[in-house]
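Close look at the chain arrangement
Residues per chain, in single letters:
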Amino acid sequence: MIKYKNLVKSFGTRTVLKGIDLHIKAGEIVFILGTSGTGKSVLLKNTVGLLRPDSGEIWIDGENVSGYSEEQFLSIRKKCGMVFQHPALFDSLTIYENIAYGLRKHFSMAENEIERRVEQALSLVNLDNILSKRPGEISYGMQKRVSLARTVVLQPKVLLFDEPTTGLDPVTTNSINTLIQSLSRKLNTTSMVVSHDMQCALKIADHIVVLDQGQVVDQGTPKQLLESEVPLVRDFLEEARNQ
Amino acid sequence: MTTKQLIQNPFAFIGVLLIHTCRDARAFLTLVVQTLFQLVTHLPRKKETIQQLYFVANGSLWTIIFCVCFAAVVTMLESSFHMKLVIQNDSMVPGFASLLILRELGAIVTALLLTSRIGAGMAAEIGSMKVTEQIDALKMLGINPIRFLIVPRLIASTIGCVLLSIIANLVCIFAAMIVADQFLGYSNGMFLTAMRRFVDFQDIIFASIKAFCFGFVIPLVSCYFGFNCRTGADGVGRATTQSVVFASVAIIVLDFVLSYTFSYFY
Ligand SMILES: Nc1ncnc2c1ncn2[C@@H]1O[C@H](COP(=O)(O)OP(=O)(O)OP(=O)(O)O)[C@@H](O)[C@H]1O
Ligand SMILES: [Mg+2]
């Protein structure tokens with residue numbers, strides 16, 4: 001489904017991604033783990049053309065998107081939804097409008113159908129009664145969940161999550177992990193989840209990738225990773241065990 | 001190259017500076033062209049444009065009126081004082097002052113005040129949208145951020161600047177008239193007669209053209225710095241400061257260029 005071939009990305013003199021090779025199969029849940037600043041967010045943003053790689057190739061659904069223009073990326077962005085690390089809600093719109101915006105933009109839908117979908121998406125992330133509020137009036141954790149609902153409501157084939165559960169309580173974290181899992185099982189959505197949480201990666205991932213300093217240091221199924229000899233992976237496992 | 005190498009080698013320093021300037025200028029011009037393209041190919045978002053116009057006009061009006069009144073008082077009193085000192089006669093003051101107000105003061109004071117208020121506001125707003133990934137989120141929904149964010153601000157600022165500068169000119173002339181009457185002993189009738197001898201209708205047109213250009217430049221500069229805001233805590237602050245500095249300099253330079261061009265028509 002998504003393939004990265006020797007992906008390199010620098011900012012000025014600093015090389016953030018130093019030749020990433022990855023293959024993500026359709027319908028899989030892939031967790032990307034790594035310490036802060038290794039370029040996980042940069043990897044996701046390159047995938048949907050919000051940043052452009054310096055060299056290397058990105059293949060999505062059999063298309064090489066590396067040289068795509070902004071217009072050509074529009075169809076890719078319809079296919080791939082992204083949940084950002086920040087809630088990134090539009091401050092000037094209500095929660096309802098925030099979630100409905102994409103539906104209005106991409107589908108010609110009746111208003112009551114939009115309403116139904118918005119409410120359904122919000123209930124998926126355990127929220128209700130906030131439709132007419134503005135992003136500034138709800139808590140950070142709620143904003144993060146609304147941002148998740150905004151992306152999920154469009155039912156894209158590929159979902160990119162940038163730390164979807166960071167800063168959330170354990171109960172909500174659990175329900176979001178369940179949501180990711182059920183989307184993948186029911187709708188066969190491919191998910192890439194950037195996370196620091198090895199414990200939940202071991203629980204729900206089909207494949208785990210560990211990045212360090214812009215390179216893949218280890219990858220495999222949760223089972224394979226438990227046997228890993230790579231120090232960073234061992235640190236992550238140790239941390240997960242202590243929780 | 002490292003900073004140390006650059007300091008030791010002035011040629012390298014100038015070279016690097018030149019390269020950076022050219023790159024920034026190109027990026028800015030690209031943004032201007034893209035904005036103009038969006039402006040002519042798509043209808044603007046009405047609600048947002050009206051909101052922005054309200055933001056431009058409402059908060060700035062009283063500040064501008066307050067400042068131009070003082071500018072008028074200072075212009076009148078200072079020029080009268082010096083004229084009397086040199087040629088023992090200040091009869092030219094009303095005419096000269098009204099010319100100065102219409103050709104320069106009204107538009108430039110308005111523009112500089114707008115820069116510090118709405119220019120800074122726009123840079124900070126767009127910069128924080130950039131830092132909190134809202135601009136990326138717009139792109140993900142297939143929305144063109146230039147059309148969505150810059151075009152409404154551009155229209156609002158241009159219309160707002162022209163309207164405000166007309167008001168500023170009227171208020172400024174009015175304040176000058178009062179000063180002439182109260183302190184210099186020229187009645188309102190004398191002031192208006194003097195003004196009519198010095199000022200043409202085209203001066204008013206040129207003043208509006210200036211205001212139009214200034215109002216056009218402010219949001220472009222501010223949005224450019226907002227869009228290129230660096231991440232991190234100091235990013236937004238830096239973008240805001242830079243946008244105010246650059247827009248102010250741009251307005252002063254543009255004022256010179258326009259005044260020079262208009263001088264061919266007098
Ligand atoms: N637009 C940009 N311009 C310049 N540098 C950038 C930009 N985006 C990211 N970087 C740099 O790239 C590096 C990797 O950033 P990235 O956001 O991908 O880290 P991350 O792995 O997501 O970390 P975290 O877990 O903290 O989110 C950072 O050092 C950052 O400073
Ligand atoms: Mg990140």
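Described in the following lines is the structure provided in the data block. Since this is a predicted model, take the numbers as computed values, not measurements. (Residues numbered from 1 in each chain as written. Chains lettered and ligands numbered in written order. Predicted model: local features only at pLDDT ≥ 70, side-chain atom pairs only at ≥ 80, totals over all residues. Heavy atoms only, no water.)

**Observations regarding the overall build of chain A**
When its secondary structure is counted, chain A shows nine helices and 10 strands. Here chain A has a C-alpha radius of gyration of 18 Å; the compact-globule value for 243 residues is 18 Å, and the two agree. Overall, the C-alpha framework of chain A stretches about 55 × 45 × 35 Å when taken along its three principal axes. With 243 residues in all, chain A has 54% of them scored as buried. If you take every contact in chain A between residues at least 6 apart in sequence, the share linking residues at least 24 apart comes to 63%. Element-wise, carbon and sulfur atoms account for 48% of the exposed surface of chain A, whose accessible area totals about 10900 Å². (Helix = DSSP H or I, 4+ residues; strand = E, 2+ residues; numbered from the N terminus. Rg over C-alpha atoms; globule rule 2.2 N^0.38 Å. Buried < 20%, exposed > 50% of the residue type's maximum accessible area, 1.4 Å probe, protein only. Contact = heavy atoms within 4.5 Å. Areas by Shrake-Rupley, 256 points an atom, 1.4 Å probe, with all protein chains shown as cover.)

**Quick word on the coordination of the magnesium ion (ligand 2)**
Taken together, the protein donors to the magnesium ion (ligand 2) comprise Ser41 of chain A (OG) and Gln85 of chain A (OE1), at separations of 1.9 to 2.2 Å. In this pair, Ser41 of chain A sits in helix H1 (residues 40-47) while Gln85 of chain A sits in the loop between strand S6 (80-83) and helix H3 (95-106), placing the two residues 44 residues apart along the sequence. (Donors = N, O, S within 2.8 Å, 3.2 Å for Na, K, Ca; no water.)

**A look at the site of ligand 1**
All names here are of chain A. Contacts to ligand 1 come from 13 residues, most closely from Arg14, Ser36, Gly37, Lys40 and Ser41. Separating an oxygen atom of ligand 1 from a side-chain N or O atom of Arg14 is a distance of 2.7 Å. Interatomic distance of 3.0 Å between a backbone N/O atom of Gly39 and an oxygen atom of ligand 1. Summarising the interface, the protein chains cover 67% of the accessible area of ligand 1, which totals 630 Å² for the free molecule. (Near = heavy atom within 4 Å. Polar contact = N/O pair within 3.5 Å; in protein donor to acceptor, adjacent residues only side chain to side chain.)

**Quick word on a nonpolar patch on the surface**
A grouping of Val245, Phe246, Val249, Val253, Phe256, Val257, Tyr260, Tyr264 and Phe265 of chain B is seen on the molecular surface, where their side chains present a nonpolar patch of about 980 Å² in accessible area. Residue Val245 of chain B is classed as partly exposed on the basis of its relative accessible area of 45%. (Patch = residues over 30% accessible without salt bridge, like charges linked within 9 Å, V, L, I, M, F, W, Y side chains within 5 Å. Salt bridge = Lys/Arg side-chain N within 4 Å of Asp/Glu carboxyl O.)

**Details of the environment of Tyr266 of chain B**
Residue and element names in this part refer to chain B. On the secondary structure map, Tyr266 appears in the segment after helix H9 (233-262). By relative accessible area, which is 41% here, Tyr266 ends up partly exposed. In this structure the C-alpha to C-alpha distance between Tyr266 and Asp203, which are 63 residues apart in sequence, comes to 9.0 Å.

**Focus: unusual backbone geometry**
Trans is the prevailing form of peptide bonds, just as negative phi is the prevailing case for residues other than glycine. Residues other than glycine seldom take positive phi values, yet Asp61 of chain A does so here, at roughly 55°. Relative to the assigned elements, Asp61 of chain A resides in the loop between strand S4 (55-60) and strand S5 (63-64).

**Focus on the interface of chain B and chain A**
Counting from both sides, the interface comprises 13 residues of chain B and, opposite them, 22 residues of chain A. For the pair chain B and chain A, the two sides together bury roughly 1700 Å², of which 63% comes from carbon and sulfur. On the chain B side of the interface with chain A, the three residues burying the most area are Glu133, Met140 and Leu141 of chain B, jointly 43% of the side's total. Remark: the boundary between chain B and chain A carries two salt bridges. Of the charged contacts, one joins Lys45 of chain A and Glu133 of chain B as a salt bridge, the two residues approaching to 3.0 Å between their closest N and O atoms. On the surface where chain B and chain A come into contact, there are six residue pairs in polar contact (both at pLDDT 80 or more). The element best represented in the side of chain B that touches chain A is helix H5 (residues 134-140) of chain B, accounting for six residues. By residue class, the composition of the side of chain B that touches chain A is seven nonpolar, three polar and three charged. (Buried area = accessible area lost by both parts, 1.4 Å probe. Nonpolar A, V, L, I, M, F, W, Y, C, P; charged D, E, K, R; others polar.)

**A short note on the pairing of strand S2 (residues 14-24) of chain A**
Residues and elements named next belong to chain A. One ladder, built from eight bridges, connects strand S1 (residues 2-11) with S2; its direction is antiparallel. When the sheet's bridge partners are listed, Val8 is paired in S2 with Lys18. The antiparallel hairpin formed by S1 and S2 contains two residues in its connecting segment, where Gly12 sits at a positive phi of about 60°. (Pairing = 2+ DSSP bridges.)

**Things to note about the pairing of strand S7 (residues 158-162) of chain A**
Residue and element names in this part refer to chain A. When you tally the buried positions in S7, you get five out of five residues, the bulk of the element. Side chains Val158, Leu160 and Asp162 project from S7 onto one buried face, and the interleaved Leu159 and Phe161 project onto a second face that is buried too. Direction of pairing for S6 relative to S7: parallel, over a ladder of four bridges. When the sheet's bridge partners are listed, Met82 is paired in S7 with Leu160.

**What to know about the packing of aromatic side chains**
The description of an aromatic ring pair uses the distance of the two centres, along with the angle that the planes make with each other. Tallied over the full model, the rule gives 14 aromatic pairs over all chains. With a centroid separation of 5.9 Å and an interplanar angle of 70°, the aromatic rings of Tyr68 of chain A and Phe73 of chain A are classed as edge-to-face. Each member of the pair, Tyr68 of chain A as well as Phe73 of chain A, is classed as buried. When the ring of Tyr101 of chain A is compared with that of Phe148 of chain B, the centres are 6.0 Å apart and the planes differ by 75°; the resulting orientation is edge-to-face. You can see Tyr101 of chain A sitting in helix H3 and its partner Phe148 of chain B sitting in helix H6 (residues 145-184), one on each of two chains. With relative accessibility at 8%, the residue Phe148 of chain B sits in the buried group. Among the aromatic residues, ring-to-ring pairing joins Phe28, Tyr224, Phe225 and Phe246 of chain B into one connected group. For Arg150 of chain A, the ring lying beneath its charged end belongs to Phe90 of chain A, and the centroid distance is 4.9 Å. The side chain of Arg117 of chain B reaches across the aromatic face of Phe55 of chain B, ending 5.0 Å from its centre. (Phe/Tyr/Trp six-rings, centres within 6.5 Å; stacked < 30°, edge-to-face > 60°. Lys NZ or Arg CZ within 6 Å of the ring centre and 35° of its normal.)

**Digging into the state of the cysteines**
Cysteine pairs can be linked by a disulfide, which is a covalent bond between their two sulfur atoms. Taken as a whole, this structure holds zero disulfides over all chains when the rule is applied. In this structure Cys67 of chain B is not part of a disulfide, and its nearest cysteine sulfur, from Cys69 of chain B, lies 9.2 Å away. (Disulfide = S-S within 2.5 Å.)

**Quick notes on the nonpolar core**
Ranked by internal contacts, the top residues of the largest apolar core, which has 107 residues, are Tyr4, Phe31 and Leu43 of chain A. Ignoring sequence-local partners within four residues, the contact set of Tyr4 of chain A consists of Ile20, Asp21, Leu22, Ile24, Leu43, Thr47, Glu57, Ile58 and Met192 of chain A. By size, the runner-up hydrophobic cluster in this structure holds 43 residues, among which are Met76, Ala97, Ile101 and Phe191 of chain B. (Core = buried A, V, L, I, M, F, W, Y, C linked by side-chain atoms within 4.5 Å.)

**Comments concerning the sheet that holds S1 of chain A**
Residue and element names in this part refer to chain A. Ordered by their spatial adjacency, four strands build an open sheet running S2-S1-S4-S5, and the pairing between neighbours is antiparallel. Across the chains shown, the open sheet's two edge strands, defined by having one partner strand only, are S2 and S5. Pairing geometry for S4 and S5, over two bridges, is antiparallel. Paired with Ile60 across the two strands is Glu63, which belongs to S5. H1 rests against S1, S2 and S4 of the sheet, and its axis sits at about 115° to S1. (Axes fitted to C-alpha atoms, helices over the stretch in contact; angles between N-to-C directions.)

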